[in-house]
Amino acid sequence: MATCPSDCCDGTFDQMKPCKQMTTTVLDSCLPLPLPVEVLTEIIPKAKDFALLHGAAMRYKSNFDPDSLKMAPFFLLPSAFPRREFDRVVKLQPLINVLMHRIAHNHEFLESSLKKTVNVDDFTARLWKIYTTVREEGVSQEMSLGLVRSDVMLTKCHAGCCELCQTPPYVTGHQVEVNTIASGFGHMGPISGSIHRYILGELRKPELLHHLPENDALAGLCSGMISAWEVYSCPKAVILFVIEDVTYNICDQRFHEYEIRRQRPDVHVIRRNLTQISKTGHLTDDKRLMIDGNEIAVVYFRAGYEPAQYHSEAEWEARLTIERSRAIKSPSIQYQLAGTKKVQQEIARPDVLKQFLSDSEAELVGQLFTGLYSLDLGPEGDRAVQMAMENPERFVLKPQREGGGNNVYGAEIKEVLEKIKDSAEREAYILMDRIRPPIQENYLVRPYEPVRLVEVVSELGIFGVILGTNKDIMINKFSGHMLRTKLSSVNEGGVAAGLGALDSVFLFD
Ligand SMILES: Nc1ncnc2c1ncn2[C@@H]1O[C@H](COP(=O)(O)OP(=O)(O)OP(=O)(O)O)[C@@H](O)[C@H]1O
Ligand SMILES: [Mg+2]
């Protein structure tokens, strides 16, 4: 039995049966819980050691120390996830890749989607300026590398409306968003599965291992970068990782480097932040990007998605230099714009998908979407504002930001909208239906804390790799997955923030 978190009913409810208003379901854990104390006492130190020794670790946020790491928070057991929905979103990933690729290359659509946003959101305006500058000067590199991650949460539809939510397991996957820049956890995703394989083995449950799917995220993402490097066709050129000033999620990034080296020992990676690039990066006459004597073939952005990463004009200049160059960018600036929340909301308008996909493809992708609403000034936006003010618990209010911790939930939605509802400032936001994922139980393992049995919800990230030009797509593939799980009581569950933790999927039929 579990407690309904959505305030829609007053009691508890049974496994797999929706609560009274059908907004929340409960999934069975992969093993009967709680585990006996003696089992926990034995397994937890083993699990912690396995995690640490396989790079499920991070740098300390407080007292940053380059000489040590701490274990990343993780869940002791894999979380139940319906196989039907896992297979569905995996199969859809190549279509999501193509959709993002075509949107990134459709100037009219980007312009009409973002024209109001750029008037009120300075960060998007600066990205837009770089995009239009490069477009007007003439693009030096037609090829883009998309390393995208489509984030999905299971939900019980409010209305019990569709075939998917009316048949067992009564939940369906809805897309939270598609990330087109710095889509992390290509290492943490697969390694979480390895932790769980080890734990199920140690618990003497090898018969359960087939419920854990293969996960080649790291190899797939890195082979995408190597393919782009090969297309650039200059054996001495290197791959540049654009990084934050301080990288806490260091294992995830470094393992990408190590995997590139494993697959292609002749390919080198260098790491620089935007400030460093502003000092030593420059273009040759034929637009080759040079940094400290290295020619750059591929730029992989693990930073550059939030305003704080551009300290001054120098960092913006560095970004412009990169975009002007012949290096293949992941993402190129138009891909980053295609991944904004505003564009996501515009894509979800009726019939828009059909501009980019065939009717049958559009129907399949459209089933992933939940309600997304424009807050632009005018009658349509007014209706959305009113809806959100009347029922804030039903929605999430989103600004054009990445990296977590920026969205607005619950009563605060009313406060924010009250302040901005009569001004164009509201056009910097979009409104989205709040997804209510099914709850299950799991043990949260965090450094320096006792292990706790908690109620949790999960978010699945599906990776995709796409490499091509406007006219020609060379590579388009699904590329593994990751699962982040958080306490059911919190709005957002950043792993570094400590509210979320690494997890992997336990598929059930
Ligand atoms: N519609 C929604 N319903 C429920 N939870 C949501 C919804 N949208 C976002 N969230 C929660 O907020 C988190 C961050 O949201 P979102 O992905 O839109 O923002 P972000 O800043 O781009 O995050 P990320 O760094 O993961 O890309 C999600 O991982 C999820 O936990
Ligand atoms: Mg995001």
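Residues numbered from 1 in each chain as written. Chains lettered and ligands numbered in written order. Predicted model: local features only at pLDDT ≥ 70, side-chain atom pairs only at ≥ 80, totals over all residues. Heavy atoms only, no water.

(A) Quick look at the overall build of the protein chain. Counting secondary structure elements, the protein chain contains 17 helices and 23 strands. Whereas a compact globule of 509 residues would reach a radius of gyration of roughly 23 Å, the protein chain reaches 23 Å, a difference of no more than 12%. Summarising its shape, the C-alpha atoms of the protein chain cover approximately 65 × 55 × 45 Å along the three principal directions. The 509 residues of the protein chain split such that 60% are buried. (Helix = DSSP H or I, 4+ residues; strand = E, 2+ residues; numbered from the N terminus. Rg over C-alpha atoms; globule rule 2.2 N^0.38 Å. Buried < 20%, exposed > 50% of the residue type's maximum accessible area, 1.4 Å probe, protein only.)

(B) Main features of the sheet that holds strand 18 (residues 429–433). The strand order across the open sheet formed by four strands is 15-18-16-17, and the pairing between neighbours is antiparallel. Among the strands making up the open sheet, the edge pair consists of strand 15 (372–374) and strand 17 (408–409). Relative to strand 18, strand 15 is paired through three bridges, and the arrangement is antiparallel. Opposite Leu-372, over in strand 18, you have Met-432 as the bridge partner. (Pairing = 2+ DSSP bridges.)

(C) View of the state of the cysteines. This structure, assessed with the given rule, holds zero disulfides. Cys-222 carries a free sulfur, and the closest cysteine sulfur to it, the one in Cys-251, is 14 Å from it. Residue classification places Cys-251 among the buried residues on the basis of a relative accessible area of 7%. (Disulfide = S-S within 2.5 Å.)

(D) Focus on the nonpolar core. Grouped together as the largest cluster of nonpolar side chains are 69 residues, with contacts concentrated most on Ile-103, Ile-296, Val-299, Leu-357 and Val-365. Those residues within four positions of Ile-296 in sequence are excluded, and the remaining contacts are Tyr-232, Ala-237, Val-238, Leu-240, Ile-270, Leu-289, Ile-291 and Ala-327. The next biggest cluster of nonpolar side chains, apart from the first, holds 62 residues, and it includes Leu-147, Ile-191, Cys-251 and Val-269. (Core = buried A, V, L, I, M, F, W, Y, C linked by side-chain atoms within 4.5 Å. Contact = heavy atoms within 4.5 Å.)

(E) Inspection of the pattern of salt bridges at higher detail. Tallied over the entire structure, the rule returns 35 salt bridges. With a closest N to O distance of 2.9 Å, Lys-341 and Glu-177 form a salt bridge. With Lys-341 in helix 13 (residues 341–347) and Glu-177 in strand 8 (residues 172–179), this residue pair connects regions lying 164 residues apart in the sequence. Assessed through its relative accessible area of 10%, Glu-177 is described here as buried. Among the ionic pairs, Glu-459 bridges to Arg-484, the shortest N-O distance being 3.7 Å. Pair noted here: Glu-459 is in strand 20 (residues 452–468) and Arg-484 is in strand 21 (residues 473–487), with a separation of 25 residues, a long-range link. Of the residues examined, Glu-459 reaches a relative accessible area of 14% and is grouped as buried. When salt bridges that share partners are traced, they join Lys-342, Glu-346, Arg-349, Asp-376 and Glu-380 into one network. (Salt bridge = Lys/Arg side-chain N within 4 Å of Asp/Glu carboxyl O.)

(F) Structural view of the packing of aromatic side chains. Counted according to the given criterion, the structure contains 11 aromatic pairs. Pairing Phe-50 with Tyr-198 gives two aromatic rings, centres 4.5 Å apart and planes at 15 degrees, and the pair type is stacked. Taken as a pair, Phe-50 in helix 1 (residues 37–53) and Tyr-198 in helix 7 (residues 188–202) lie far apart in primary sequence, 148 residues in all. Given the relative accessible area of 24%, Tyr-198 is considered partly exposed. Seen in terms of ring centroids, Phe-64 and Tyr-248 are 6.1 Å apart; in terms of plane orientation they differ by 80 degrees. Their pairing is edge-to-face. With Phe-64 in the loop between strand 3 (57–58) and strand 4 (70–71) and Tyr-248 in the loop between strand 9 (238–243) and helix 9 (250–263), this pair connects stretches of sequence that are 184 residues apart. Connected via pairs of aromatic rings, a cluster forms that spans Phe-123, Tyr-310 and Trp-316. A cation over a ring is seen here: Arg-319 above Phe-301, with NZ or CZ 4.4 Å from the ring centre. (Phe/Tyr/Trp six-rings, centres within 6.5 Å; stacked < 30°, edge-to-face > 60°. Lys NZ or Arg CZ within 6 Å of the ring centre and 35° of its normal.)

(G) Local environment of the coordination of the magnesium ion (ligand 2). Donor atoms from the polypeptide that bind the magnesium ion (ligand 2) are Glu-177 (OE), Asn-179 (OD1) and Glu-402 (OE), placed at 1.9 to 2.0 Å. Taken in sequence order, the residues that donate to the magnesium ion (ligand 2) follow the motif E-x1-N-x222-E. Taken together, the residues Glu-177 in strand 8 and Glu-402 in the loop between strand 16 (395–399) and strand 17 connect sequence positions 225 residues apart. For the pair Glu-177 and Glu-402, one class covers both residues: buried. (Donors = N, O, S within 2.8 Å, 3.2 Å for Na, K, Ca; no water.)

By themselves, these figures tell us nothing about what the structure is for.
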